[in-house]
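An overview of the molecular structure
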Amino acid sequence: MVMQGLAYYNDKMLTMAEHWDSFIMDRTMKNPNIWHDRIKRGAYQLFNGLTQKSNIYRGGLPVQAGLGTWREIGLSRKPANGDPGFDNCAQGTPHTYSYAWETIETKGYTDEWQSEPVCLEDLKYVDYAKDQLALVVRSGVEYGISILENWNREMYLYYANAAGRCVVLTEGSLQFEDSATYRFSYNPFLTTTDVDSETVPYLKVDPSLEISTLNWDLLDYLRTSLGDRASEAAIAKDSGMGVFGLMIDKIDFERFVLNDTALRDDFRYAQPQTLIKGYDFGMKVYRGFALIHDARQARFRFKKIGAGSNTTDDESGKAIYTRIKPLRLGRTVTIGQVPEPNPQYYRGELAIGVIFMNDVFENLFVPSIDSLGAGTSFGPQPGLTGEWKWMNIQDPVSNPLGNTGYFYGRFQVFPKPLMYSSDTTCFLYRRCPQQTNTVCKVETGAATGAVALAANAASADFSLANRQVTVTLASKIAAGIGSAVNVVHVGDNAGTTPMYVVADSLAPKYTLAWKSDAANLPAAYTDFTAAGATVDPV
């Protein structure tokens, strides 16, 4: 690599003319995640080719029903008078049991990242240079952690997709194992451009499916079937029953619970807590699931109905939903832009929940080679978290003194499928991010039709300059601040004027306001009399 001079890049170190005490304050986005620690890690065996084959023993079917193959035990007897006889020493016809082996071939993948170059000569004169450099180093490490967390989440979904176990929460979804109609597809290695022209992954689903919000119909089935087919993969036990992780946004789950009175009470008094190995906090267990909050769960928004095939994927007739990223770059500050939560992510209407369990896949990290003999030396080997090092590459043109370098990281991973990779399950559900208006108690049961004034308006109740009038009605109305009403007024300026409620704290006394200067607007309080004026909520 020929290193460009530092002036080629943006300078990311703070300098200042006046010096302040302790001017560096750290605010990095920290999001501890179970995805980083719960996936197994190992070392790839070197000199073993670019592809790896995993042979997984799948067992066979047991005896499940009926006793038709059993026979009575009796004494030996000769055939006679139509009796076929019985030979007690003869061997019967034994069952022949079958079993299965599955061979899965996987490839290795790599990703890398680096900081912008740092010039030692500049650092000599930069305020708090060591403190700033420490933050740059840590940001690089945290960036690498986010890469691995993202890799683990995406590979989990990749295996669920490969197993045909990406199920849509919808009516009829209990058929998903036999019918692809009730499954969605998601390949994290494929990308498209979203409505903001950003390159992101996407999912495909049948547009005719009416996607459901969270309910127990499918979750109960998944808990039962996984307990049968993958009980050893459970992350914990509760009363002898396997407990699987329900990785979801807990706010979505709380909405689901709060909308059902019976379920809310049931959940409220469910006390069991489980400790997952390697963690010192309890997760509430409910109906065979340990609730695990995923702050970076996969969420999506609609893009289009596919019209045909692109170069890598068949989109014909499928609804295409693109991934929404949880964070975005916000306001521009002294150097760079501040990362902030993405409001589009909160408003995402579809999300993927994951049934988390053990032994789905293992990350085999490729170790470095420190020597191949013959006097060669390549430096130390990285551990099972990838490489992260300082790079200082001398170059006679751009870096002759070796005083400019950068931090560099790299992952090289072979994902190895484990015993339960074919049971990996996730589900697509509809979220409820919509904002709905709730009303004050005063509006509950109030009159919905036109209500007359209880008394004539006085001059102090009317302000033409401020376009408002305060009236006392015969009863409360089903309207609050911002509600539209039609006001019928009498007198010299008789007519109907659209107005808005702007104050209702003394209901049935209301302050009403209007926006336009139409000819039929009231010009005096005498237009508001109990004899004929009414207020009608729209």
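Refer to the preceding data block for the structure.
What this report covers is the structure whose coordinates are included nearby. Keep in mind that what you see is a predicted model, and the values were worked out from it rather than measured.

With that out of the way, let us pick up the overall build of the protein. Scanning the protein from N- to C-terminus turns up 7 helices and 29 strands. Counting the 538 residues in the protein, one finds 39% classified as buried. Sequence-distant contacts in the protein: of pairs separated by 6 or more residues, those separated by 24 or more amount to 71%. By element, 52% of the accessible surface of the protein is carried by carbon and sulfur atoms, the whole surface being about 31100 Å².

What follows deals with the nonpolar core. F184, L203, L246, F253, I352 and F427 are the most contacted members of the largest nonpolar core, which totals 70 residues. With 8 residues, helix α3 (residues 129-162) is the largest single contributor of residues to this core. Contacts of L246, omitting those with residues within four sequence positions, involve L219, F253, F289, A290, L291, I292, V354, I355 and F427.

Across the junction of A507 and P508, the peptide omega takes the value 20°, indicating a cis bond. Along the chain, P508 falls in the loop between β27 (495-506) and β28 (509-513). For N81, which is not glycine, the phi dihedral falls at a positive 50°. Within the element layout of this structure, N81 appears in the loop between β2 (51-59) and β3 (100-107). Positive phi outside glycine occurs at D359, with the angle close to 55°.

So, about the side chain of D504. For D504, the position within the fold is in strand β27. One buried charged side chain, D504, makes no salt bridge at all; its nearest oppositely charged neighbour is K476, positioned 10 Å away. Excluding residues within four positions of it along the chain, D504 makes contact with A479, G480, I481, K509 and Y510.

In a beta sheet, neighbouring strands pair by backbone hydrogen bonds and run either parallel or antiparallel. In space, the 7 strands of this open sheet follow the order β23-β29-β26-β27-β28-β25-β24, with antiparallel pairing throughout. A single partner strand is all that each edge strand has here, and the edge strands are β23 (451-452) and β24 (462-463). In the sheet, β27 pairs with β28 via 4 bridges, with the strands oriented antiparallel. Within β28, the residue paired with Y500 across the bridge is A513.

Both faces of the sheet carry side chains from a regular strand, because those side chains alternate between them. The buried fraction of strand β15 (residues 319-324) amounts to 6 of the 6 residues, a majority that puts the element mostly inside the structure. With 4 bridges joining them, strand β8 (residues 199-205) and β15 adopt antiparallel strand pairing. Counted as the bridge partner of K204 is I320 from β15. Of the pairings in the sheet, the one linking strand β14 (residues 299-305) to β15 comprises 6 bridges and is antiparallel in character. Residue I305 lies in a different strand from β15, and its bridge partner there is A319.

Conventions adopted
- Residues numbered from 1 in each chain as written.
- Predicted model: local features only at pLDDT ≥ 70, side-chain atom pairs only at ≥ 80, totals over all residues.
- Heavy atoms only, no water.
- Helix = DSSP H or I, 4+ residues; strand = E, 2+ residues; numbered from the N terminus.
- Buried < 20%, exposed > 50% of the residue type's maximum accessible area, 1.4 Å probe, protein only.
- Contact = heavy atoms within 4.5 Å.
- Areas by Shrake-Rupley, 256 points an atom, 1.4 Å probe, with all protein chains shown as cover.
- Core = buried A, V, L, I, M, F, W, Y, C linked by side-chain atoms within 4.5 Å.
- Lys, Arg positive; Asp, Glu negative; His and termini not counted.
- Salt bridge = Lys/Arg side-chain N within 4 Å of Asp/Glu carboxyl O.
- Pairing = 2+ DSSP bridges.

Read these as geometric descriptors, not functional statements.
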